[in-house]
Amino acid sequence: MANANQTLPEFLLLGFSDLKALQGPLFWVVLLVYLVTLLGNFLIILLTQVSPALCSPMYFFLRHLSMVEVLYITDIVPRTLADLASPHPRAISFWGCAAQMYNFIVLGISECCLLTAMAYDRYVAICRPLHYSTLMSQQACVAMVGISWLMGIITATTHSSLIFTLPFPSRPIIPHFLCDILPVLRLASAGKHRSEISVMTATVVFIMVPFSLIVTSYARILGAILAMASTQSRRKLFSTCSSHLLVVSLFFGTASITYIRPREGSSVTTDRILSLFYTITTPMLNLIIYTLRNKEVTRALRHVVKRQVPSP
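Residues numbered from 1 in each chain as written. Predicted model: local features only at pLDDT ≥ 70, side-chain atom pairs only at ≥ 80, totals over all residues. Heavy atoms only, no water.

(A) View of the side chain of Ser66. Tracing the chain through its elements places Ser66 in helix α2 (residues 57-85). Side-chain polar atoms of Ser66 contact the side chain of Asn41, separated by 3.2 Å. Beyond its immediate stretch of four places on either side in the chain, Ser66 contacts Asn41, Ile44 and Ile45. (Helix = DSSP H or I, 4+ residues; strand = E, 2+ residues; numbered from the N terminus. Polar contact = N/O pair within 3.5 Å; in protein donor to acceptor, adjacent residues only side chain to side chain. Contact = heavy atoms within 4.5 Å.)

(B) Summary view of a positive patch on the surface. On the surface, Lys295, Arg299, Arg302 and Lys306 cluster together to form a positively charged patch. Within the fold, Arg299 resides in helix α10 (residues 295-308). (Patch = residues over 30% accessible without salt bridge, like charges linked within 9 Å, V, L, I, M, F, W, Y side chains within 5 Å. Areas by Shrake-Rupley, 256 points an atom, 1.4 Å probe, with all protein chains shown as cover. Salt bridge = Lys/Arg side-chain N within 4 Å of Asp/Glu carboxyl O. Lys, Arg positive; Asp, Glu negative; His and termini not counted. Charge placed at Lys NZ, Arg CZ, Asp CG, Glu CD.)

(C) Structural view of the UniProt feature "transmembrane region" (unreviewed entry) in the chain. UniProt's feature table lists "transmembrane region" (unreviewed entry) at residues 26-48, 60-81, 101-120, 141-164, 197-216, 237-260 and 272-292, given in the numbering used throughout. Taken end to end, residues 26-48 has its terminal C-alpha atoms 32 Å apart, with 100% of it in helix and 0% in strand. Annotated as 100% helix and 0% strand, the span residues 141-164 places its first and last C-alpha atoms 34 Å apart. (UniProt positions renumbered as here; feature names shortened; annotations may be inferred.)

(D) Broad picture of the pattern of salt bridges. One pass over the full model with this rule turns up 4 salt bridges. Put simply, Arg171 and Glu10 hold a salt bridge, and the shortest N to O gap is 3.3 Å. Here the residue Arg171 occupies a position in the loop between α5 (138-164) and β3 (173-174), and Glu10 occupies one in the segment before β1 (11-13), the gap between them amounting to 161 residues. A residue is classified by how much of its surface remains accessible, and Arg171, at 46% relative accessible area, is partly exposed. Accessibility expressed as a relative area gives 39% for Glu10, which makes it partly exposed. Between Arg122 and Asp121 there is a salt bridge, and its shortest N-O distance comes to 2.8 Å. By the burial criterion, Arg122 is buried, and Asp121 matches it. Three or more residues are tied together by salt bridges with common partners; here these are Arg79, Asp83 and Arg90. (Buried < 20%, exposed > 50% of the residue type's maximum accessible area, 1.4 Å probe, protein only.)

(E) The arrangement of the packing of helix α1 (residues 20-50) against α2 in detail. Contact geometry for α1 and α2: axes closest at 9 Å, N-to-C directions at 160°. What the angle tells us is that α1 and α2 run roughly antiparallel. Crossing angle aside, the handedness with which α1 passes α2 is left-handed. For the contact of α1 with α2, the class distribution of residues is 19 nonpolar, 7 polar and 3 charged. (Axes fitted to C-alpha atoms, helices over the stretch in contact; angles between N-to-C directions. Parallel < 35°, antiparallel > 145°, perpendicular 65-115°, else oblique. Left-handed = near helix turned anticlockwise from the far one by under 90°. Nonpolar A, V, L, I, M, F, W, Y, C, P; charged D, E, K, R; others polar.)

Below, the structure written as structure tokens:
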């Protein structure tokens, strides 16, 4: 990435060091959210692995989504907790910053693609039920998961290579709590404008294309549901799709606000709060939606608990 004869700078992550009154409360809130998200996603991974009721393609994708969420939040939170526990801003190495951004992009794009695959699964189940076993075979599901990871790797490699080959100041200061794309890109001293346009164009494409596919899938699903004569069948199908729709709205809504909104008038504090919600709180809310609002998951959890806890 960087030139061989160039001294690699260390980045100084400001985090929330300028908001000292909030550092203590934020530390405990972030730690609690992290632990709940880890435990909950590990529980979903276990349930979808051992429960016969959760062996459909939808739960295969949900298991991989939970794996992505665990890796995603672990890429960010341990470092953030260490920064919150420190009274002063802490440095991160050039390669440490590059690695955090690379993982962040891989996992974010992979999650985006997995949500698209889950929408396609719902479309096939409702609109093309006779072809479901063929279109959503085990091989097809594995291929979709593989493509999701591949898209994440390609995007992360492109973005990271473009950003970390730019020249940086000797002691760059990032007014953020993680090495996110735009805060790091703004530190570059040359070629910044062209690179920012390229990176933002790619970011918009990788957010809007999957979102468009999801919207198309649900438009057709809605048409199929409204064409049904039975009110009970409509209600059941709406209930089946509601959890995924909520997660999609949360993911793409917060991503759009964070990355696509106009930069004019936005403050550093606002950017950090939005990023904190997007990167740390959203995975926990996804977990709550897929457990509390999903009857099959809660039923499988009760069944597993009953098997493990003997009756008195």
